[in-house]
Amino acid sequence: MENFEQMGLSPDLLKALRAMKFEKPTEVQSMAIPEILKGRDVYVRSKTGTGKTAAFLLPIMQMLQRGRDPGALVVVPTRELALQTDGVARKLAANSRLHVTTVYGGVSLNPQIDSLDAGTDLMIGTPGRIIDLMERGAAHMDGVRFLVLDEADLMLDMGFIDDIEYILKSMPRTKQTLLFSATSRKEIMDIADRHMNNPFHISVGPDDELVVTSIKHMYAIVPGTKKIATLLAYLKTRMSANSKSIVFARTQIAASALYSALSDFGMSPLLLHGGMTQAKREMAMRRFKNDKSGILIATNVAARGLDISNITDIINFDVPDDPIVYIHRVGRSARMGKDGRAFTIFSSDQARELKNIEYYSNISMEREQINTDEFKNVSFGKYFQRGRYDSDRQGQSRGFRNDRSGGFRGRSRDGGRGGDRSHDSYRQRGNYRDRRK
Ligand code: AMP
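Conventions used here
- Residues numbered from 1 in each chain as written.
- Predicted model: local features only at pLDDT ≥ 70, side-chain atom pairs only at ≥ 80, totals over all residues.
- Pairing = 2+ DSSP bridges.
- Helix = DSSP H or I, 4+ residues; strand = E, 2+ residues; numbered from the N terminus.
- Axes fitted to C-alpha atoms, helices over the stretch in contact; angles between N-to-C directions.
- Buried ≥ 20, exposed ≤ 12 C-beta atoms within 10 Å, placed from the backbone.
- Contact = placed C-beta atoms within 7 Å.
- Parallel < 35°, antiparallel > 145°, perpendicular 65-115°, else oblique.
- Left-handed = near helix turned anticlockwise from the far one by under 90°.
- Nonpolar A, V, L, I, M, F, W, Y, C, P; charged D, E, K, R; others polar.

Student: I keep staring at the sheet that holds strand E5 (residues 146-149) and nothing clicks. Help me out?
Tutor: Sheet strands line up and pair through hydrogen bonds in the backbone, either parallel or antiparallel. On the basis of which strands lie adjacent, the open sheet formed by seven strands has the order E3-E4-E2-E5-E6-E1-E7 and parallel pairing. Across the chains shown, the open sheet's two edge strands, defined by having one partner strand only, are strand E3 (100-103) and strand E7 (200-203). Across the sheet, the axes of successive neighbouring strands diverge by a mean angle of 10°, strand direction being ignored. Of the pairings in the sheet, the one linking strand E2 (residues 72-75) to strand E4 (residues 122-125) comprises four bridges and is parallel in character. The residue of E4 that forms the bridge with Val 74 is Ile 124.

Spelled out as structure tokens, the structure:
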């Protein structure tokens, strides 16, 4: 459809859209909104940045009846995405009296419980915290008429499959289910088959699995202790005044160490990891989003699924655990232009990981010779406590904490510790070899 008016949206919503300066529907919006308004289950393959949030929020808000308990539940993989969705929902609800409650781990439960107690029409949240609130009897799902699974493939990659199944099974039978995913992998199609009622399929833009081929993939392979010097030399020699790059580190400690190293060399990076306060994370994200250039050092969890445009470079200081994480980082965590570059630093014992990424991502990576002379005196030990940080594979077994944002896995109760079960480790999802089938 050409415009929002033709979709029959309410004056309240049209007014909110004008205030947001959304003049015309995006492709996914014009395809999905009419189908959702017809009451159909809808399956959308599209990535972040296409306007998918409003594509599900607008029709839901149009149809949502006000009540005490949530009439709509939106499940998202990370708290950043929860906050992003919350922001759009509140703007769209500006002229209606719909109440929005957004829940995620890592923060106190009480304000979230109070907000639910006060009455909520639309609930947004991460799987672990939603289940926690359900199990505590604070979130009642009997009234849910609309269920959205956003970034469903990421939720599966993050090991949320049991949580998603649990949530799906806890919902009333009669509801409309909307599923959004960047890729049409088999596991996603399985969920659609089992839990959706004859869904209408919409596909927008290229599948992320293919997007990575348009990016230049480079790597260096160096002794573990030379990784910082390699990173500094790469940033110094390859970045321009217009570069906007994300440097991925595996853990909070590594991210903080890189922050110190880059700061020492005057590169003024921004830092984003799950151990920072929510306010600091939001400030870092806002600054990086608004800046035209710059370097963000991030752990995987913190940066996942963010709507940040104009990224020129993705740099993997630590090699992702699983090739699929590589694909997510370069194809989706950041929206890269066609001339984007990805640079991954492997340590000398990681030749196999390199082959795995090439094989499973269906790309070939070019080796870069990085001259580190200028940084040869950079002390690895100064930034990383010796013995705590080692090669990627050994990191975890030495008790080196992943960025779990205070989360943990399993069906156990949170016990008020505030976990959102987000985590950087993709290992539980199974062996790489499974992807060959
Ligand atoms: P999303 O894919 O939902 O994360 O949206 C990506 C970006 O597009 C966000 O910054 C939205 O504010 C923006 N956006 C979504 N729909 C529209 C629209 N119809 N017109 C203009 N901008 C939009």
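Student: Would you explain helix H2 (residues 27-37) in this entry?
Tutor: An α-helix turns once every 3.6 residues. As a result, residues three or four positions apart point the same way. Those residues of H2 not exposed but buried are Val 28, Gln 29, Met 31, Ala 32, Ile 33 and Ile 36. Packing partners of the buried residues in H2 comprise strand E1 (42-45), helix H3 (52-63), strand E6 (176-181) and E7. With its phi angle positive at about 95°, Gly 39 sits one or two positions after the end of H2.

Student: It is not clear to me how the packing of helix H6 (residues 127-135) against helix H8 (residues 161-170) should be interpreted in this structure. Could you clarify?
Tutor: Helix-helix packing: each pair is described by the crossing angle between the helix axes and the interaxial distance. Where H6 meets H8, the closest approach of the two axes is 10 Å, and the angle between their N-to-C directions is 45°. Judged on the interaxial angle alone, H8 and H6 are oblique. H8 is crossed by H6, and the crossing has left-handed handedness. Contacts between H6 and H8 pair Pro 127, Gly 128, Ile 130, Ile 131 and Met 134 from the former with Asp 163, Ile 164, Tyr 166, Ile 167 and Ser 170 from the latter. Across the contact of H6 with H8, the residue classes tally to seven nonpolar, two polar and one charged.

Student: Would you take a moment to explain the environment of Pro 59 for this structure?
Tutor: For Pro 59, the location among the structural elements is in helix H3. For the pair Pro 59 and Gly 8, spaced 51 residues apart in sequence, the C-alpha separation works out to 9.7 Å. The contact partners of Pro 59, leaving out residues within four places of it in the chain, are Ile 33, Ile 36 and Leu 37.

Student: What should I look at first to understand the packing of H2 against H3 in this one?
Tutor: Between H2 and H3, whose axes approach to 9 Å, the crossing angle comes to 25°. For the element pair H2 / H3, the angle class is roughly parallel. In this structure, H2 crosses over H3, and the sense of that crossing is right-handed. Residues Val 28, Gln 29, Ala 32, Ile 33, Ile 36 and Leu 37 of H2 pack against Lys 52, Ala 54, Ala 55, Phe 56, Leu 58, Pro 59 and Gln 62 of H3.

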